[in-house]
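Take a look at the letters that make up each chain.
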Amino acid sequence: MDDREKANEIFREVSAVEEPITEEMDLQTDLGWDSLRMVEVIVKLEEAFDREFDESDLNPDLLQTVGDMYRLLAI
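Computed from a predicted structure; not experimentally measured.

A. View of helix α2 (residues 35-49). Along its 15 residues, α2 runs 21 Å from first to last C-alpha, staying within 8% of the 21 Å computed at 1.5 Å per residue. Its buried side turned inward, α2 meets α1 (3-15) and α3 (66-73). Put simply, D34 is the residue that caps the front of α2, since its side-chain oxygen is 3.2 Å from the backbone nitrogen of L36. Immediately beyond the C-terminal end of α2, within one or two residues, lies D50, with a positive phi of roughly 50°.

B. Quick peek at a negative patch on the surface. Negative charge collects at one region of the surface, where E52, D54, E55 and D57 lie side by side. By the element assignment, D57 lies in the loop between α2 and α3.

C. Inspection of the nonpolar core at higher detail. In this structure, F11, I21, L31, W33, L45, V66 and M69 are the most contacted members of the largest nonpolar core, which totals 22 residues. Counting residues per element, the ones that place at least two in this core are α1, α2 and α3. Excluding its chain neighbours within four sequence positions, the residues that come into contact with W33 are F11, V14, S15, L27, Q28, M38, V41 and M69.

D. Examining α1 more closely. Helix length check: α1 (13 residues) gives 18 Å between terminal C-alpha atoms against 18 Å at 1.5 Å per residue, within 8%. For α1, the complete set of buried residues consists of A7, N8, I10, F11, V14 and S15. Projected down its long axis, α1 carries its buried residues within an arc of 160°, all on one side. The inward-facing, buried residues of α1 abut α2 and α3. At the N-terminal end of α1, a side-chain oxygen is found 3.1 Å from the backbone nitrogen of R4, two or three residues along, and the residue is D2. A16 sits one or two residues past α1 and shows a positive phi near 60°.

Thresholds, definitions, all that
Residues numbered from 1 in each chain as written. Predicted model: local features only at pLDDT ≥ 70, side-chain atom pairs only at ≥ 80, totals over all residues. Heavy atoms only, no water. Helix = DSSP H or I, 4+ residues; strand = E, 2+ residues; numbered from the N terminus. Expected span 1.5 Å × (residues − 1). Contact = heavy atoms within 4.5 Å. Polar contact = N/O pair within 3.5 Å; in protein donor to acceptor, adjacent residues only side chain to side chain. Patch = residues over 30% accessible without salt bridge, like charges linked within 9 Å, V, L, I, M, F, W, Y side chains within 5 Å. Areas by Shrake-Rupley, 256 points an atom, 1.4 Å probe, with all protein chains shown as cover. Salt bridge = Lys/Arg side-chain N within 4 Å of Asp/Glu carboxyl O. Lys, Arg positive; Asp, Glu negative; His and termini not counted. Charge placed at Lys NZ, Arg CZ, Asp CG, Glu CD. Core = buried A, V, L, I, M, F, W, Y, C linked by side-chain atoms within 4.5 Å. Buried < 20%, exposed > 50% of the residue type's maximum accessible area, 1.4 Å probe, protein only. Arc of directions from axis to C-beta.

Structure below.
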């Protein structure tokens, strides 16, 4: 499983989305994430990828799409 597949698995788990995850998907509109869900995803990503994100990287205005999440992870 590559890194994007691993991230997508987390996104699907948290969102209960059955359709394929794409870079263009909006985190709020398409995946139904609110701020609490975003925190849950960030924690799961930190655990899965064994990294800790800097608070400045977690600006909600810059994290709008799945592609933004990929960029955060550098994948």
